[in-house]
Amino acid sequence: MCKNDLRIFYKYYDQIYLKRKDYENESQTIRQIIKQFEKKPSKTLLDIGCGTGEHLKYLSQSLKCKGLDISEEMIKKAKAKVADAEFETANMIDFSLDERFDVIICLFGSIGYVQTFRNLVRTFKNFLNHQNNEGLTIIAPWVFRKDFRKGAFSIDTYEDDETKLVRMGTSKLTRSHWLVYFHYLIGKDESIKYSSEVHKMLAADYEDYINAFSLAGYSETEFLKEDEGAMRRGLFVAIK
Ligand SMILES: C[S@@+](CC[C@H](N)C(=O)[O-])C[C@H]1O[C@@H](n2cnc3c(N)ncnc32)[C@H](O)[C@@H]1O
């Protein structure tokens, strides 16, 4: 698997995303979905690709939580924010924990980093192995292939007294992957530095996710969608 080098992404993650995401509201939506679908009261939750721990900050108020991420740097930031949760640095495709969870979440397109359909099935099988019977897996998918917009650009800015940052992004769709190119201009310590990175993501559609859940062995899958918030790109709820 091609390893993404996301150093700049990690370094400025909160500066960029805290401005445009309402984690408290998204966490509230996740809580409501758990209540709606659980067959017995859920007590434990594993957040896979937890990033800097923003959802766990809220979810750990009512559930026993663990966060897992491939990046040590992100886990370090999450630990500093969320004293009530435990954390693990590992790859979602093949991690192995001695615990099972009532709820597994994987939000904000983190699942897209598995890159291929084969890995998606493998990853869902692994999620299922860490799930209690009748447990829920809630996935916010990476953008569906059918929603790719050729030539679209994103722009984000951040500034404080020491740093000014501009990030522009654009994507390319190949037969096998969705490539996201980010270009950064970072003004700091009397100079402006340029850097760029590529995120190699899964190029899949709704049907591919449904197939992957089924091949992995989930018994039921639903897709929920709203125009805003945590459900903007839709959420899959799969039951063991
Ligand atoms: C877009 S961020 C989402 C973070 C967080 N869930 C949020 O909503 O802000 C994607 C996260 O997935 C993590 N990630 C990427 N590949 C991964 C893998 N193979 N296993 C576990 N985590 C991974 C990244 O390190 C990053 O923290």
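About the thresholds
- Residues numbered from 1 in each chain as written.
- Predicted model: local features only at pLDDT ≥ 70, side-chain atom pairs only at ≥ 80, totals over all residues.
- Heavy atoms only, no water.
- Near = heavy atom within 4 Å.
- Polar contact = N/O pair within 3.5 Å; in protein donor to acceptor, adjacent residues only side chain to side chain.
- Areas by Shrake-Rupley, 256 points an atom, 1.4 Å probe, with all protein chains shown as cover.
- Pairing = 2+ DSSP bridges.
- Helix = DSSP H or I, 4+ residues; strand = E, 2+ residues; numbered from the N terminus.
- Axes fitted to C-alpha atoms, helices over the stretch in contact; angles between N-to-C directions.
- Domains from an automatic or database assignment.
- Buried area = accessible area lost by both parts, 1.4 Å probe.
- Salt bridge = Lys/Arg side-chain N within 4 Å of Asp/Glu carboxyl O.
- Contact = heavy atoms within 4.5 Å.

Focus on the site of the ligand
Around the ligand, the structure places 18 residues, and the nearest of them are Y10, Y13, Y23, G49 and D69. The separation between an oxygen atom of the ligand and a polar side-chain atom of Y13 is 2.7 Å. Backbone polar atom of G49 to a nitrogen atom of the ligand: 2.7 Å apart, as the coordinates give it. Across the complex, the protein chains shield 97% of the 590 Å² of accessible surface that the ligand would expose by itself.

A word on the sheet that holds strand 8 (residues 177-188)
Strand order in the open sheet made by the 4 strands is 6-7-8-9, with antiparallel pairing throughout. Lying at the two open borders of the sheet, with one neighbouring strand each, are strand 6 (153-159) and strand 9 (191-202). Going from strand to strand, the sheet's axes swing by 15° on average, the running direction of each strand aside. Pairing of strand 6 with strand 7 (residues 164-173), which is carried by 7 bridges, proceeds in the antiparallel orientation. When the bridges of strand 7 are listed, S154 appears paired with G169.

Observations concerning the domain arrangement of the chain
For the chain, the domain assignment lists domain 1 (7-144 + 203-239) and domain 2 (146-201). Computed over C-alpha atoms only, the centres of domain 1 and domain 2 are separated by 24 Å. In this assembly, domain 1 packs against domain 2 so that about 1,900 Å² is buried in total across both faces, 60% of it on carbon and sulfur atoms. Taken as a group, Y12, I16 and A203 account for 27% of the area that domain 1 buries against domain 2, more than any other trio of residues on that side. If you look at where domain 1 meets domain 2, you find 1 salt bridge.

Concerning the sheet that holds strand 2 (residues 64-69)
The 7 strands are arranged 3-2-1-4-5-11-10 in an open sheet whose pairing can be described as mixed. Two strands close off the open sheet at either side, each with one partner strand: strand 3 (86-89) and strand 10 (220-224). Taking the axes of each pair of neighbouring strands and ignoring which way they run, one obtains an average angle of 15° across the sheet. Of the strand pairs in this sheet, strand 1 (residues 44-48) and strand 2 are connected by 5 bridges, and their pairing is parallel. Paired with L45 across the strands is C65, a residue of strand 2. Strands in contact with helix 3 (residues 23-37) are strand 1, strand 4 (101-106), strand 5 (131-139), strand 10 and strand 11 (235-239); relative to strand 5, the strand with the most contacts, it is inclined by about 140°.

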